[in-house]
Amino acid sequence: MNRVILIGNLTRDPELRYTPDGTPVASFTIAINRPFTNQQGEKQADFIPVVVWRKAAKSCSEYLTKGSQVAVDGRLQIRSYEDKDGIRRKVAEVIAWRVEFLQRLKGRAPAESIEEDIENKIDRVPLDEEKEEKEEKEERGENEGAIPFGEEKAGLED
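Residues numbered from 1 in each chain as written. Predicted model: local features only at pLDDT ≥ 70, side-chain atom pairs only at ≥ 80, totals over all residues. Heavy atoms only, no water.

(A) Looking closely at the pairing of strand β1 (residues 4–10). Examined bridge by bridge, β1 and strand β5 (residues 69–82) share six bridges and lie antiparallel to one another. By the bridge assignment for β5, Leu-6 is matched with Val-72. Bridge count for β1 against strand β3 (residues 24–37) is two bridges, and the pairing is antiparallel. Residue Leu-10 lies in a different strand from β3, and its bridge partner there is Ile-30. (Pairing = 2+ DSSP bridges. Helix = DSSP H or I, 4+ residues; strand = E, 2+ residues; numbered from the N terminus.)

(B) Region of the structure containing the nonpolar core. The biggest cluster of nonpolar side chains holds 18 residues, and the ones touching the most others in it are Phe-28, Ile-30, Val-50, Val-52, Val-70 and Val-99. At the level of elements, β1, β3, β4 (43–53), α1 (54–63), β5 and β6 (88–101) are the ones that each hand at least two residues to this core. Per-element accounting of this core gives the leading share, four residues, to β6. For Phe-28, the contacting residues outside a window of four places in its chain are Leu-10, Arg-12, Pro-14, Ile-48, Pro-49, Val-50, Val-52, Cys-60 and Val-70. (Core = buried A, V, L, I, M, F, W, Y, C linked by side-chain atoms within 4.5 Å. Buried < 20%, exposed > 50% of the residue type's maximum accessible area, 1.4 Å probe, protein only. Contact = heavy atoms within 4.5 Å.)

(C) Structural view of the pattern of salt bridges. Per the counting criterion, the structure on display carries six salt bridges. Notably, a salt bridge pairs Glu-15 with Arg-17, separated by 3.4 Å at the nearest N-O pair. The exposure class assigned to Glu-15 is partly exposed, which follows from its relative accessible area of 38%. Note that Asp-83 and Arg-89 form a salt bridge whose closest N and O atoms lie 3.1 Å from each other. (Salt bridge = Lys/Arg side-chain N within 4 Å of Asp/Glu carboxyl O.)

(D) Expanded view of unusual backbone geometry. Of note in this structure, Arg-54 is not a glycine but carries a positive phi near 60°. Checked against the element boundaries, Arg-54 lands in helix α1.

(E) Main features of the environment of Arg-17. Among the structural elements, Arg-17 can be located in strand β2 (residues 15–18). Taking the C-alpha atoms as reference points, Arg-17 and Ala-57, separated by 40 residues in sequence, lie 9.0 Å from one another. Engagement of the side chain of Arg-17 in a polar contact is seen with the side chain of Glu-15, the distance being 3.4 Å. In this structure the side chain of Arg-17 is engaged in a polar contact, spanning 3.1 Å, whose partner is the side chain of Ser-27. (Polar contact = N/O pair within 3.5 Å; in protein donor to acceptor, adjacent residues only side chain to side chain.)

Here you go:
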């Protein structure tokens, strides 16, 4: 089994690119604080590169920004490449099939989480009642400062 679940904050805005056949791919790095301090009493962090494909890549690029907190569910991939000097290098990265937005975003997300897997799951579309209820709350000014997709932390309580 190869599965990785991480929660962290983006160290920079996602970078969106397209493959030669037009498939969107986004990459970003998340910082995850270690639960302990070093000998000098300082907290340390791990910086994990993440790659997201297709519709999820476009959504991450549109709604996430530096500092955004996300939960990433995917698999660990180790790949090697040759750098510009001809030196063989290895890189470890998480290939995400699901990214959940855990805090305020730069835009409004259409779903609680952005999922991408082999079967290309369709993002959750809000029901008409949810849309109406949200619009009514916005008219009353009750949604100021709220997470765009609801009160819960994007389904992490499951």
